[in-house]
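# Working through the structure, step by step
The primary structure of each chain is shown beneath.
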Amino acid sequence: MPLTSRRMRTLSALSGLGVAASLLAAVPAQADEKPLKPRISVREVPAPVVQEPAAPPEGRWDIASCREEADKHGGYVVAFKDRFNACRVSKVQFSISDPAAPAKKAWISGRSTMTFWMDRNNRVIRQQFALDKWNKTPEGNVDLFPKLESAEFTISLQCVGIADAKCDKGPVLVGRHKPVAWYPIDETKEAIWDTSGSARTNPDDPDVKQAFPEAKSFYVDDKVAYFGVGALFTSDNPTEEAFGHLVVRCDDAEYLAAKGGCILRDESLVFASQYADNPTWAKHIVSAQKTPYQTFPYLQDPNAGANGKANPYGWNKPFNMPGSAYWAPSSTKPLTRLYAGKKLTGDDGKNARSQYRGNRYVVGRKTCKYLKKNPGEECDEYPFASTWQGAKSTEQYPNDPWKFSIRYIDKKSNRDAGNALQRFYYSNHVLATGDAYRVAIDNVPASPAAHRDAVRAYEERKARAAALPRAPLAPIPDDQLCTSDELGGRFSCEYGEEWHQFDNGGWQVWVVGADRKVYTNYTTGTGAWSGWQDFGGQATGGVEVVDADGSAVTVATTGTDGLPWYRDRNPATGAWTEWHR
């Protein structure tokens, strides 16, 4: 199934016209109007919603490329490149009618084009608007043409905060009290909305509960706010109608390297991978989602009782694995991100860290050790340890039908999968607890022989990459660097920060700096921070704590050879080994 068709969504879910309707609905005409007052009617022709079309010029939609895409779909479209860029082409109609004879109407039609650009690193929304195909010759009842041609109306761009959320300014005018002949064709108007000062959208608002059920799941400190961004047509009735709106979500999430940003609200977020890119790992994911009864630890449960598969995992009842983008019933329950770093404080932080450690413990200490491990392998788990649906949830809720799967796979595959998931979280600005996503493995081979061929090709690619001369790595560009408000420094936004809390309450954090070296910072015995220190080596992936037992810790990253490298902490002395394979 191609990715585009999998992620098609209905227009109503994205338009914003059905969201918080009381905020965006037309103002009703007044009962004592004089006859033949112009009334604006905005009619949007049903348009296909296209996710991930061919990459637009320069990587994002502009007015011209947006129209080119629309022309492929009959002239109108809502197209999403990703969570940060979309274009919307709509048919608009300015009409007038006779109150004494409602069937008598005259109208002028046109086409509006809007592009939306989100900033993943700041709470900024950029919007562009232009008209074309504006038929300035009236249609309909000829008796009404003179009134229609002389009627004046206003077009403005608007950002509407929903349920306590606010944009930094009011509507941006395109034209004010002008007749249709005044409005120019192909003149682009731009608005930039700053939402950094906005309050949080109230998740208990009745409209919000219905339109954004996920809002209640986000952390309060994330200050998640929703906005409708689009256009407003106003006549002198007074009548106004909003159209072309898309829903934008902004946040102040401190645990994201960017510390806040905006996205186009996406109801079908998918972590998608090609099978051939990492076949050993992909096979495990497909097996867990599609044939859960053929996975471990179900097939070798160390806690099985005399009656077969028993507590604490509830294998004696029908079960499945959550999070598939394809296969039911797995697809009915998505995954949600679990963040366990220091930037999440209070009970939220304690609960998240307990859950994350529990996910790791159930896998590493209670189940994987009973499976056969070959040299060069690591234990892989699904759902991921960085999700609330990880292995501990199965132990917490043994009567719940959602379980977990484990399998030993080679270290290279496991590290590549970890890097891919980390990039997915960053590149899609995925918030903890509320951003539901599913996992898709595309182009699954039809036979065991085809799988073996894919594994062989993967190993050959890795071997060729490792054999290449190691050229100096270019520094990470400035626009891809983030900083920590608490610790300072500049490091890769994409690779982010890896935090670990020791049993004594102390913290250690790792980042990849602008020079692509690994750096660390940790709390000393007094609770003060050590300052950033070179941890050795250069990395082409993020740092991850892959094993922790008390004060014994193992971290991993991907080296310049594309292979996994590890350092281990001695629990007795606190000393670290050198990087090793």
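Before reading on, note that the structure itself is shown above.
Residues numbered from 1 in each chain as written. Predicted model: local features only at pLDDT ≥ 70, side-chain atom pairs only at ≥ 80, totals over all residues. Heavy atoms only, no water.

### Regarding the overall build of the protein chain
Rules: Secondary structure elements are defined from DSSP: runs of H or I of at least 4 residues count as helices, runs of E of at least 2 residues count as strands, and each element is numbered from the N terminus. Type-normalised accessible area, obtained with a 1.4 Å probe on protein chains alone, sets the label of each residue: buried when under 20%, exposed when over 50%, and partly exposed for intermediate values. Here a residue-residue contact requires only that any non-hydrogen atoms of the pair lie within 4.5 Å. Using the Shrake-Rupley algorithm and a 1.4 Å probe, accessible areas are obtained, with residue cover drawn only from the displayed protein chains.
In terms of regular secondary structure, the protein chain is built from eleven helices and 27 strands. Scored against the burial criterion, the 581 residues of the protein chain give a buried share of 52%. Taking contacts inside the protein chain between residues at least 6 apart in sequence as the whole, the part at least 24 apart equals 67%. Carbon together with sulfur atoms contributes 50% to the accessible area of the protein chain, which is approximately 25,100 Å² in total.

### A closer look at a negative patch on the surface
Selection criterion: For patch building, the residue pool is restricted to those with more than 30% relative accessible area and no salt bridge; the joining distance is 9 Å between like charges and 5 Å between nonpolar side chains (Val, Leu, Ile, Met, Phe, Trp, Tyr). When a carboxyl oxygen of Asp or Glu lies within 4 Å of a side-chain nitrogen of Lys or Arg, that pair is called a salt bridge. A residue counts as positive if it is Lys or Arg and as negative if it is Asp or Glu; His and the chain ends are not included. Where a charge lies is defined by one atom per residue type: Lys uses NZ, Arg uses CZ, Asp uses CG and Glu uses CD.
The grouping of Asp221, Glu254, Asp347, Asp348 and Asp485 at the surface amounts to a negative patch. Along the polypeptide, aspartate 221 turns up in the loop between helix 6 (206-211) and strand 11 (225-235).

### Let's talk about the sheet that holds strand 22 (residues 507-512)
Definition in use: Think of it this way: DSSP has to see at least two bridges between two strands before they count as a pair. Here the axes come from fitting lines to C-alpha atoms, over the contacting stretch only for helices, and the angles between their N-to-C directions go from 0 to 180 degrees.
The strand order 21-22-23-24 describes an open sheet built from four strands, whose pairing is antiparallel. With one partner strand each, in any of the chains shown, strand 21 (498-501) and strand 24 (533-538) form the two edges of the open sheet. Ignoring which end each strand starts from, the neighbouring axes of this sheet average 20 degrees apart. Where strand 23 (residues 517-522) lies against strand 24, three bridges are found, and the strand directions are antiparallel. What sits directly across from lysine 517, in strand 24, is glutamine 538.

### Digging into the state of the cysteines
Defined as follows: Whenever a pair of cysteine sulfur atoms sits within 2.5 Å, that pair is classed as a disulfide.
Applying the stated rule across the entire model yields five disulfides. The disulfide partner of cysteine 250 is cysteine 262, and the gap between their sulfur atoms is 2.0 Å. On the S-S bond that ties cysteine 250 to cysteine 262, the torsion sits near 105 degrees, and the link is right-handed. Here cysteine 262 lies in strand 13 (residues 261-264) and cysteine 250 lies in strand 12 (residues 239-251), a separation of twelve residues in the sequence. In this structure cysteine 250 comes out as buried when scored by relative accessible area, which is 0%. Judged by relative accessible area, which is 0%, cysteine 262 ranks as buried. Each bonded cysteine of the protein chain gets a number by its place in the sequence, and the pairs then read 1-2, 3-4, 5-6, 7-8, 9-10.

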